[in-house]
Amino acid sequence: MNSTNTSPCGLSGKSKQEIEQFVTGLCLPSYRARQIHSWIYARNAASFDEMTDLGKETRQLLKERAQIPLLKLAHLQVSADGTRKYLFELPDGQSVESVLMSFDDRTSFTACVSSQVGCAVGCTFCATGYLGFKRNLAAAEIVDQVMSIQRESGKRVANVVYMGQGEPLLNVEEVIKSIAVLGQSVGIGARHITVSTSGIVPGIRRLAQERLQVTLALSLHAPESKSRQEIVPTTSRFPVDELMQALADYYSCCQRRLTIEYVLLAGITDSPDQARQLAQLVRNLHCNINLIPYNPTENRDGIAAYARPSLSAQQRFKRLAESSGKTVTIRLERGTDIDAACGQLHNRFEDEGKTSAAPRELDGQARAGSQGRAGYKDVTAGGAQERPAVKPKRPRARRS
Ligand code: SF4
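All of the points below concern the structure found in this document. Note that the structure is a prediction, hence the values are computed from the model and not measured.

Within the chain, the secondary structure is distributed over twelve helices and 16 strands. Within the chain, buried positions represent 45% of all 400 residues. Here the contacts in the chain between residues at least 6 apart in sequence split such that 65% fall between residues at least 24 apart.

So this is what it looks like as structure tokens:
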């Protein structure tokens, strides 16, 4: 870190060593780094003014040369089930989404973080895929999503899932760095972290080299390469058999049970034959299967290309997949009354030209990338307001 660089250095999200380097660069005693680190990570400080044991002059110097937090809250939606969906503005004006969820145990909170702005993979059912790839996030930008969530919500995050915008294993080095900071500084150990990939084989192998105790989740979505290629374009580079081998090797290396994520798209990935093929495919893999009933998303042309299978079709698929002997669950949905699927909130703001704007109210009628909802709360820096119910739109086209 260069002390002559005049642009403010974002400190939240940085590792202890990086904060030490910064402090040394300012010719401050090294114990200042410990104090700053503790204010950021143990006490969730959101400004240098809160760091009352630093001395006025030191705080002034820090205000001139550094900044916390790194991310700015651009928008927040709160679901009726308590799920909080954030749009964070990055230092360069780009934005990413993060989500805070709790499940049956209300005292345990899970943060879903983004690893890239946009995504190059282009899964055909994903709102982020419509956005295209913009850039990788730095490790600090990933970590500060968790810290910003804790600061805003007052909740302690216990688990982190890398399932927001972006393909984590196409940004694998920064993801590995961020996992280290989450463990060392935020206190979230690798066993409480899940990294989800669309199946980037070199990234799986690189992550395995670290021998971290994170859970690796593969977004499989189809049991063979031909139909998978239709919805996950990278299958042409990494066919299903190669993915399965990479997962088996990952297990041998890390001894961590894997998760197979499988999105149920009506008429596309939910047939009984596909359920049997899936059961066969994972029979020898140490894994659980997580079925995800599709959350309909409109693309930029206002087209919802896929539909969610009926409850009976979901249950039938689950029963057949269970013949693998694996635990099969249907994902508990959170935040369905807000833009909870990855990329939806970002796309809505981008379409409205608001990604770099200060938090503000949305026009209740402008809903690109979102779905019908039964009234939700848009919460901005200025407070919370009930939003009117919006009549669900019917899909204008359907892929068959
Ligand atoms: S599902 Fe994940 S990998 Fe696929 S386009 Fe969306 S963000 Fe990228």
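Attention now moves to the site of the ligand. Near the ligand you find twelve residues, and of these Cys119, Val121, Cys123, Cys126 and Gly129 are the closest. Looking at the shell around the ligand, its residues break down into five nonpolar, six polar and one charged.

Next up on the list: the environment of Val96. On the secondary structure map, Val96 appears in strand S5 (residues 95-102). Residues Val96 and Val113, 17 residues apart in the sequence, show an inter-C-alpha distance of 8.7 Å.

The element strand S10 (residues 193-197) is largely enclosed, with a buried count of five among its five residues. Residues of S10 alternate between two faces, with Ile193, Val195 and Thr197 on one and Thr194 and Ser196 on the opposite face, all of them buried. Pairing between strand S9 (residues 157-162) and S10: three bridges, direction parallel. Considered in S10, the bridge of Val160 is made with Ile193. With four bridges joining them, S10 and strand S11 (residues 215-219) adopt parallel strand pairing. From the neighbouring strand, Val195 faces S11, where its bridge partner is Leu216. In terms of handedness, the path from S10 via helix H7 (residues 201-210) over to S11 forms a crossover that is right-handed.

A few words on unusual backbone geometry. Residue Pro69 is bonded to the preceding Ile68 through a cis peptide linkage, with omega at -10°. Assignment of secondary structure puts Pro69 in the loop between strand S2 (66-67) and strand S3 (72-78). In this structure, His221 is a non-glycine residue whose phi angle is positive, near 70°. Tracing the sequence through the fold places His221 in the loop between S11 and helix H8 (225-231). For His221, a count of 26 C-beta atoms within 10 Å puts it in the buried group. Although it is not a glycine, Gln255 adopts a positive phi angle of roughly 55°. Topologically, Gln255 is positioned in the loop between helix H9 (240-254) and strand S12 (258-264).

Two elements in contact, helix H10 (residues 272-282) and helix H11 (residues 311-321), have axes whose closest approach is 8 Å; the angle formed by their N-to-C orientations is 30°. Relative to H11, H10 is oriented roughly parallel. Judged by the sense of rotation from one axis to the other, the crossing of H10 with H11 is right-handed. Here Pro272, Ala275, Arg276, Leu278 and Ala279 of H10 lie close against H11, whose contacting residues are Arg316, Phe317, Leu320 and Ala321. Grouping the amino acids of the contact of H10 with H11 by side-chain chemistry returns seven nonpolar, no polar and two charged.

Within the element layout of this structure, Gly203 appears in helix H7. Classification of Gly203 by C-beta neighbours within 10 Å gives buried; the count is 23. In the structure, Gly203 is positioned 30 residues away from Glu173 in sequence and 9.1 Å away in space, judged by C-alpha atoms.

Here we come to the nonpolar core. In this structure, Ala111, Val143, Val146 and Leu182 are the most contacted members of the largest nonpolar core, which totals 102 residues. With seven residues, helix H5 (residues 139-153) is the largest single contributor of residues to this core. For this core, the two domains that each supply at least three residues are domain 1 (9-67) and domain 2 (72-330). Residues in contact with Ala111, not counting those within four places in the same chain, are Ser98, Leu100, Gln145, Val146, Ile149, Val157 and Val160.

Another point: the pairing of strand S13 (residues 287-293). One ladder, built from seven bridges, connects S12 with S13; its direction is parallel. Paired with Tyr262 across the bridge in S13 is Leu291. Crossover S12 to S13 through H10 is right-handed. Pairing of S13 with strand S14 (residues 328-330), which is carried by three bridges, proceeds in the parallel orientation. For Ile289, the partnering residue across the bridge sits in S14 and is Val328.

Thresholds applied
- Think of each chain on its own: its residues are numbered from 1, step by step along the sequence as written.
- Predicted model: local features are reported for residues with pLDDT of at least 70 only, side-chain atom pairs are reported and counted for 80 or more only, and whole-chain, interface and lining totals are derived from all residues.
- Helix and strand definitions follow DSSP, with helices as H or I runs of at least four residues and strands as E runs of at least two, each counted in order from the N terminus.
- Three exposure classes are used, based on other C-beta atoms lying within 10 Å of a residue's own C-beta, which is placed from the backbone: buried for 20 or more, exposed for 12 or fewer, and partly exposed in between.
- Once C-beta atoms are placed from the backbone, any two residues with those atoms within 7 Å are in contact.
- Whether a residue is near a molecule or strand depends on its C-beta atom, generated from backbone atoms, being within 6 Å of that molecule or strand.
- As a working rule, the residues Ala, Val, Leu, Ile, Met, Phe, Trp, Tyr, Cys and Pro are called nonpolar, Asp, Glu, Lys and Arg charged, and the rest polar, with Gly in that last group.
- Whether two strands pair depends on DSSP finding at least two bridges between them.
- Looking down the strands as they point away from you, a crossover is right-handed if its path from the first strand over the helix to the second goes clockwise.
- Lines are fitted to the C-alpha atoms to define the axes, a helix being fitted only along its stretch in contact, and any angle between axes, read from their N-to-C directions, falls within 0 to 180 degrees.
- For classification purposes, an angle smaller than 35 degrees is called roughly parallel, one larger than 145 roughly antiparallel, one from 65 to 115 roughly perpendicular, and anything else oblique.
- Throughout, a crossing is termed right-handed when the near helix is turned clockwise from the far one, and left-handed when it is turned anticlockwise from it by less than a right angle.
- Residues of type Ala, Val, Leu, Ile, Met, Phe, Trp, Tyr and Cys that are buried and joined through C-beta atoms within 7 Å form what is called a nonpolar core.
- Where each domain begins and ends is defined by an automated method or by a domain database.

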